[in-house]
Amino acid sequence: MPSHRITTRPPLTTTGEPDISTAPDLLETVSEDAAHYPNGRAAGVARPATESDVATLLIHSQSVLPIGAQSSLTGGATPMGDIVMDMQRFDRVLAVNQDEVIVQPGVPLTILQATLERAGKYYPPVPTFDGAFAGGVVATNAAGATTFKYGTTRDWVRGLTVVLANGQVLELTRGETTAHPEGYFEIVTEGAVRRISIPRYTVPTLEKCSAGYFSEPGMDLIDLFIGSEGTLGVITEITFAVVESTPTVALAWVPLPNEQIALELTWMLRQSAKNAWRDPYASALDVSAIEYLDTRCLDILRDDGAARRHEINLPHESQAALLVQVELPTDSEISTERAYDEIANALANDAPDTPLTRLCRLLSSTNLLESSEISLPSDRRRQAQLLAAREAVPEGVNRRVAEARRLHTKNIEKTAADMIVPFERAAESLAIFRNAFEKRQLDYAIWGHLSDGNVHPNVIPRSMEDVTRGKDAILECGHEIIQLGGSPLAEHGVGRNPIKQELLRQFVGDNGIAQMRAVKSALDPKGKLAPGVIFSRIAK
């Protein structure tokens, strides 16, 4: 029977003084994350290998920042005078069981998936960057393209081992510790009872949301730590649920004449997918992801030579594109030759009712079949090219930001958003982004996971004035996205980014921030874990 009370335990072993390096080259290596958040600096670097090492470091340090792959896009893995706790030595896959895998937080997702594949298993909710560490995706409740079908990291976490700021250890198993009906947990640690009141703010039900501390009535304690960005405890072990086998996936590249047709096709694909999930025998398509690129994204593919390099069909009149991921039945594998025959004859009256036939007919019904390309599961090279084309867009934007920084001022920075709305409001959200950027005469590109209503509007700045106007635009967009029932923080988290921290304040209000701070204070009264992440440091 679940309880609202849980007792910590001491670390399994003991360790002496923490091993902290201050070698200049090592400090430089960890001084920034993928967000290139400015002025990063580490006071020292520790690389623990056991939970006892973690506990000792926490006990003996005033300010600790746990990091993994430092793939954060929010500055959340950039130190600001902290001791960096580099978790790369926690790199073991401990067990692969029937429907779950137990891993340490320093395991890259690429290694996790390769290990699972050898055992005939698969972990579905991987974010776009598969070099991220297991601990990092839990800390940010990471999501990605296939959230539409598989949900976020939170939906797949069954257990966590967490070292608290006082060096004591929590063993969390989903379903065992749930909030008291009056809205609190009790943690018994070092002979005292700490009461943690769950925040009372409400957020809309969305397919993904990474906006500070999770809160809902009757919640599981494990969910407080998922998405907490290293501010409440250090994860040392994770149990993920897994599925039986890697999906067999076909990709469809679909150039489109305009945004409206992209939205209409996405709606049709979403409806078909929902029918397929309700009834496995339905004449429907098991769509797991739909990626969207706007007209500026297509310009970037053309201008940078990525369309030519990856052999991407981009008719001159195309104003948008979708990359659709369709899962095929794994128990009815067909030969490549037969699959191409199905595609070639899909419109014939006597064509068999197969997923490939259904996909072709759906594209034909919208006059998009002739310009589209379907890549079969067997053609891994071609699928890699299509996926690389999608990734060439953010790479192209990042290159332009770097060039502006080189030509003008090093203070120019990536200025982007990560927002989600219910899909039914997607057209309105895209109009909001366009209006905010265009009335400020900003260059911009929008791409993302249209299947779940989550896109990434990016300013392409040419000056510091563009960065300033871009930040104003993002704050304006955040306010309007909230009015549409969406979240201004979808999958990247909050981190140290001042704009994202302000978006969080818009989202949950000043009282909501105060309630988050109260949770932080109850679990980390000295504020030593990731100070300045999610919300600003309190001046002492």
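Residues numbered from 1 in each chain as written. Predicted model: local features only at pLDDT ≥ 70, side-chain atom pairs only at ≥ 80, totals over all residues. Heavy atoms only, no water.

Caption draft 1: Structural view of the overall build of the protein chain. Helix and strand content of the protein chain: 15 helices and 19 strands. For 540 residues, the compact-globule formula gives about 24 Å, and the C-alpha radius of gyration of the protein chain, at 24 Å, lands near that figure. Principal-axis analysis of the C-alpha atoms gives the protein chain an extent of 75 × 55 × 45 Å. Within the span of the protein chain, comprising 540 residues, buried residues form 57% of the whole. Relative to all contacts within the protein chain whose residues are 6 or more apart in sequence, the contacts with residues 24 or more apart total 73%. Put simply, the protein chain shows about 22800 Å² of open surface, and 50% of that area lies on carbon and sulfur atoms. (Helix = DSSP H or I, 4+ residues; strand = E, 2+ residues; numbered from the N terminus. Rg over C-alpha atoms; globule rule 2.2 N^0.38 Å. Buried < 20%, exposed > 50% of the residue type's maximum accessible area, 1.4 Å probe, protein only. Contact = heavy atoms within 4.5 Å. Areas by Shrake-Rupley, 256 points an atom, 1.4 Å probe, with all protein chains shown as cover.)

Caption draft 2: Main features of unusual backbone geometry. For Gln 70, which is not glycine, the phi dihedral falls at a positive 55°. Phi angles above zero are rare outside glycine, and Glu 311 is one such case at about 55°. Structurally, Glu 311 can be placed in the loop between helix H9 (306–309) and strand S14 (320–328). The exposure class assigned to Glu 311 is partly exposed, which follows from its relative accessible area of 48%.

Caption draft 3: Quick look at the sheet that holds strand S5 (residues 93–96). Read from one edge of the open sheet, 5 strands run S5-S6-S11-S7-S8, paired in antiparallel fashion. What marks the edges here is a single partner per strand, and that holds for S5 and strand S8 (169–173). On average, adjacent strands in this sheet sit at an angle of 10° to one another, irrespective of strand direction. In this structure, strand S7 (residues 157–163) lies alongside S8, joined through 5 bridges in antiparallel fashion. (Pairing = 2+ DSSP bridges. Axes fitted to C-alpha atoms, helices over the stretch in contact; angles between N-to-C directions.)

Caption draft 4: Structural context of the environment of Ala 289. Mapped onto the elements of the fold, Ala 289 is located in strand S13 (residues 286–293). Assessed through its relative accessible area of 3%, Ala 289 is described here as buried. Along the primary structure Ala 289 and Gly 470 are separated by 181 residues, whereas in three dimensions their C-alpha atoms are 29 Å apart. Setting aside chain neighbours within four positions, we find Ala 289 in contact with Ala 145, Thr 146, Leu 323, Val 324, Gln 325 and Ser 451.

Caption draft 5: Region of the structure containing the pairing of strand S4 (residues 80–86). In terms of burial, S4 is largely enclosed, as 5 of its 7 residues are buried. Two elements, strand S2 (residues 41–46) and S4, share 5 bridges in a ladder whose sense is parallel. The residue of S4 that forms the bridge with Gly 44 is Ile 83. Here strand S3 (residues 64–67) pairs with S4 via 4 bridges, running parallel. Bridge assignment links Pro 66 to a residue of S4, and that residue is Met 85.

Caption draft 6: Focus on helix H7 (residues 259–278). Along its 20 residues, H7 runs 29 Å from first to last C-alpha, staying within 8% of the 28 Å computed at 1.5 Å per residue. What H7 keeps buried is the set Ala 262, Leu 263, Leu 265, Thr 266, Leu 269, Arg 270, Ser 272, Ala 273 and Ala 276. As for H7, its buried residues are in contact with helix H5 (147–150), strand S12 (248–256), S13, S14, helix H11 (355–365) and helix H13 (426–438). With a side-chain oxygen positioned 3.1 Å from the backbone nitrogen of Gln 260, the residue opening H7 is Asn 258. (Expected span 1.5 Å × (residues − 1). Polar contact = N/O pair within 3.5 Å; in protein donor to acceptor, adjacent residues only side chain to side chain.)

Caption draft 7: Representation of the sheet that holds strand S9 (residues 184–189) in the model. With respect to topology, 3 strands assemble into an open sheet ordered S1-S9-S10, the strand pairing being mixed. Where the open sheet ends on each side, the last strands, each with one partner, are strand S1 (5–7) and strand S10 (192–197). The average angle at which neighbouring strand axes cross in this sheet is 25°, direction not considered. As defined by bridge partners, S9 adjoins S10 across 6 bridges and the pair is classed as antiparallel.

Caption draft 8: Spatial organisation of the pattern of salt bridges. All told, the structure shown has 38 salt bridges when counted by the stated rule. Of the charged contacts, one joins Asp 99 and Arg 158 as a salt bridge, the two residues approaching to 3.2 Å between their closest N and O atoms. Linking Asp 99 in the loop between S5 and strand S6 (100–103) with Arg 158 in strand S7, this pair joins segments that are 59 residues apart in sequence. The exposure class of Asp 99 is partly exposed, given its relative accessible area of 34%. Glu 391 is the partner of Arg 390 in a salt bridge, and the nearest nitrogen-oxygen pair spans 3.0 Å. Overall, the relative accessible area of 25% leaves Glu 391 in the partly exposed class. (Salt bridge = Lys/Arg side-chain N within 4 Å of Asp/Glu carboxyl O.)

Caption draft 9: Region of the structure containing the nonpolar core. In terms of nonpolar packing, the biggest core is built from 118 residues, with Leu 160, Leu 224, Phe 225, Phe 240 and Leu 322 touching the most fellow members. For this core, the leading source of residues is helix H15 (residues 498–523), giving 10 residues. When sequence neighbours within four positions are dropped, the list of residues in contact with Phe 240 reads Asp 99, Glu 100, Val 101, Val 103, Leu 112, Tyr 123, Ala 134, Val 137, Val 138, Thr 153, Trp 156 and Val 157. Listed in part, the 26 residues of the second largest apolar core include Trp 253, Leu 301, Ala 307 and Ile 312. (Core = buried A, V, L, I, M, F, W, Y, C linked by side-chain atoms within 4.5 Å.)

Caption draft 10: Inspection of the packing of aromatic side chains at higher detail. Here the structure, examined in full by the defined rule, presents 6 aromatic pairs. Arranged with centres 6.1 Å apart and planes meeting at 85°, the rings of Tyr 213 and Phe 535 form a pair that is edge-to-face. One end of the pair, Tyr 213, is in the loop between S10 and helix H6 (222–225); the other, Phe 535, is in the segment after H15, and 322 residues separate them in sequence. For the pair Tyr 213 and Phe 535, one class covers both residues: buried. Note on Phe 437 and Tyr 444: the rings are 5.1 Å apart at their centroids and 40° apart in plane angle, and the pair reads as tilted. A single burial state applies to Phe 437 and to Tyr 444, both of which are buried. Here the aromatic cluster, defined as three or more aromatic residues joined through ring pairs, consists of Tyr 123, Tyr 150, Trp 156 and Phe 240. Note that Arg 195 overlies the ring of Tyr 184, its terminal NZ or CZ placed 3.6 Å from the centroid. (Phe/Tyr/Trp six-rings, centres within 6.5 Å; stacked < 30°, edge-to-face > 60°. Lys NZ or Arg CZ within 6 Å of the ring centre and 35° of its normal.)

Caption draft 11: Representation of H13 within the structure. The terminal C-alpha atoms of H13, which comprises 13 residues, lie 18 Å apart, in line with the 18 Å expected from a rise of 1.5 Å per residue. Among all positions of H13, only Ala 426, Ser 429, Leu 430, Ile 432, Phe 433, Ala 436 and Phe 437 are buried. When H13 is viewed along its axis, its buried side chains cluster within an angular range of 155° and face the same direction. Packed against the buried residues of H13 are H7, S13, strand S17 (419–420), strand S18 (444–449), strand S19 (454–459) and helix H14 (464–483). (Arc of directions from axis to C-beta.)

Take it as geometry only, folks, not as evidence of what the structure does.
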